[in-house]
Amino acid sequence: MSSFSAQSTSEEVCQVLADHIKGSNILITGVTLGSVGGEAALQLSRHQPALLVLAGRNLQTLQATENAIEAETPDANTRLLIVDLSSQESVRNAAAEVNNYPERIDHLVNNAGVMAAPYTTTPEGVELQFGINHIGHFLLTNLLLERMISGGSKVRVVNVSSAGHKRGPVRFDDVNFENGKCYDKWQAYGQSKTANMLLSVSLAEKVGEKGVESFSLYPGRRETGIGRHLKPEEWVMAGWKHEDGSINDNPKLNWRTASQGASTLIVAAYDPSISDKNGSYMVNNQVNNGEAVDYALDPKNAEKLWKLSEEIVGQKFEY
């Protein structure tokens with residue numbers, strides 16, 4: 001089991017895992033400053049990864065994170081990758097670019113996401129939250145995986161999920177909510193976060209023997225850009241804030257600092273002590289499958305989702 005506690009910060013975690021971080025080639029999607037992914041990138045950059053790929057759709061946002069890293073660690077080897085996860089074409093172009101790098105990625109962190117967005121679809125017609133949070137990452141992962149495992153050493157794929165997976169399973173027969181007619185933005189978010197967990201289950205099952213270790217995680221609750229679609233009253237209705245706009249600090253809500261939020265992501269990416277729990281779900285730096293709803297770790301659901309995802313991207317991935 002991981003030796004870290006719920007209170008462990010990213011600084012502490014990185015100190016312990018420094019030897020594993022050093023020399024690694026890691027790609028993180030969704031690295032806006034202040035977000036879980038941005039904080040993880042900043043923390044990891046201090047510990048000499050050989051390559052740190054900052055992936056996202058907005059060049060200015062990526063440059064801001066890169067500048068923050070360089071201000072602190074001038075010799076950090078960062079590289080920017082433009083990818084719009086809502087567009088399968090953009091994902092394919094980005095994957096081709098990465099597969100042409102001289103370095104081989106050995107740690108992939110699928111972190112980018114949207115939450116509670118109004119109903120809209122990707123260019124390919126997929127409901128946006130499912131399209132960005134799951135399908136974009138499913139396609140990116142599979143397009144990178146063959147090269148990742150070609151070196152014969154262990155690789156990690158981390159899928160950032162949420163306690164929000166409890167809001168809904170994957171609606172296998174209707175992921176698009178009758179083309180928006182019965183759309184519930186929270187159920188749609190739940191569906192996409194459940195899918196993140198099932199992707200880790202599938203990867204452990206399908207490519208675990210080829211050295212792939214995959215974990216999903218809930219980083220805890222933080223007020224970041226992912227909440228941009230929520231009105232102030234929705235924060236209050238959800239019980240996350242008081243009427244005056246202050247945070248409801250009930251311990252059950254698991255509020256995290258930026259550093260604590262990123263720590264579980266770093267543990268999931270680098271801690272060797274969890275290798276025997278491949279496919280598991282992590283909360284507060286620990287493997288905690290008891291915190292997952294059964295449907296989100298069910299191997300049958302994982303296989304159904306894999307097949308559905310292959311249909312949506314129009315490509316089969318067999319290992």
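Numbers given for residues are sequential positions, taken from 1 along each chain in its written order. In view of the model being predicted, local features appear only for residues whose pLDDT reaches at least 70, and side-chain atom pairs are presented and counted only at 80 or more, with totals across whole chains, interfaces and linings using the full set of residues. For side-chain calculations, the full set of non-hydrogen atoms in the structure is used, while hydrogens and water are omitted.

Student: Could you clarify how one ought to interpret the packing of helix H6 (residues 185–207) against helix H9 (residues 299–313) in this entry?
Tutor: The axes are straight lines fitted to the C-alpha atoms, using for helices just the contacting stretch, and the angles between their N-to-C directions are given from 0 to 180°. The helix count covers DSSP runs of H or I at least four residues long, the strand count covers runs of E at least two residues long, and both are numbered beginning at the N terminus. Contact geometry for H6 and H9: axes closest at 8 Å, N-to-C directions at 95 degrees. Comparing their axes, H9 and H6 come out roughly perpendicular. Here H6 contributes Ala195, Leu198, Leu199, Val201, Ser202, Leu203 and Lys206 to the contact with H9, which in turn contributes Pro299, Asn301, Ala302, Glu303, Leu305 and Trp306. Tallied by class, residues from the contact of H6 with H9 come to nine nonpolar, two polar and two charged. For classification purposes, angles smaller than 35 degrees are called roughly parallel, those larger than 145 roughly antiparallel, those between 65 and 115 roughly perpendicular, and all remaining angles oblique. The contact rule is simple, with two residues in contact once any of their heavy atoms fall within 4.5 Å. In the scheme used here, Gly and all other residues not listed as nonpolar or charged are polar, with Ala, Val, Leu, Ile, Met, Phe, Trp, Tyr, Cys and Pro taken as nonpolar and Asp, Glu, Lys and Arg as charged.

Student: Can you walk me through the pattern of salt bridges in this structure?
Tutor: Oppositely charged side chains can form a pair if their charged atoms are brought close together. Here, a salt bridge means any Lys or Arg side-chain nitrogen found within 4 Å of an Asp or Glu carboxyl oxygen. Overall, the coordinates contain eleven salt bridges when judged by the stated rule. Arg171 serves as the salt-bridge partner of Asp174, at 2.8 Å between the closest nitrogen and oxygen. Exposure categories follow from relative accessible area, calculated using a 1.4 Å probe and restricted to protein chains: below 20% of the type maximum is buried, above 50% is exposed, and the middle band is partly exposed. Judged by its relative accessible area of 24%, Arg171 falls in the partly exposed class. Taking the shortest distance from any N to any O, the salt bridge between Lys206 and Glu303 comes out at 2.8 Å. Taken as a pair, Lys206 in helix H6 and Glu303 in helix H9 lie far apart in primary sequence, 97 residues in all. Within the structure, one salt-bridge network assembled from shared partners comprises Glu11, Arg46 and Glu72.

Student: Looking at this structure, how should I read the packing of aromatic side chains?
Tutor: Centres within 6.5 Å are what make two rings of Phe, Tyr or Trp a pair, Trp counting through its six-membered ring; a difference in plane orientation under 30 degrees is then read as stacked, over 60 as edge-to-face, and the rest as tilted. Scanning the entire structure with this criterion turns up five aromatic pairs. Centroid distance Phe138 to Trp306: 5.1 Å. Interplanar angle 80 degrees. Geometry classified as edge-to-face. Placement of Phe138 in helix H5 (residues 128–149) and of Trp306 in helix H9 is noted, with a sequence separation of 168 residues between them. Residue classification places Phe138 among the buried positions, given a relative accessible area of 0%. Seen in terms of ring centroids, Phe138 and Phe317 are 5.9 Å apart; in terms of plane orientation they differ by 75 degrees. Their pairing is edge-to-face.

Student: Just to check I follow, could you spell out the sheet that holds strand S6 (residues 212–218) for this structure?
Tutor: By the convention used here, strands pair only if DSSP detects at least 2 bridges between them. Taken together, eight strands build an open sheet; the order of strands is S3-S2-S1-S4-S5-S6-S7-S8 and the sheet is mixed. Edge positions in the open sheet fall to strand S3 (78–82) and strand S8 (286–287), since each of these has one partner strand only. Across the face of the sheet, H5 comes into contact with strand S1 (25–29), strand S4 (107–110), strand S5 (155–160) and S6 while running at roughly 175 degrees to S4. Strands S5, S6 and strand S7 (281–283) of the sheet are contacted by H6, whose axis makes an angle of about 160 degrees with S5.

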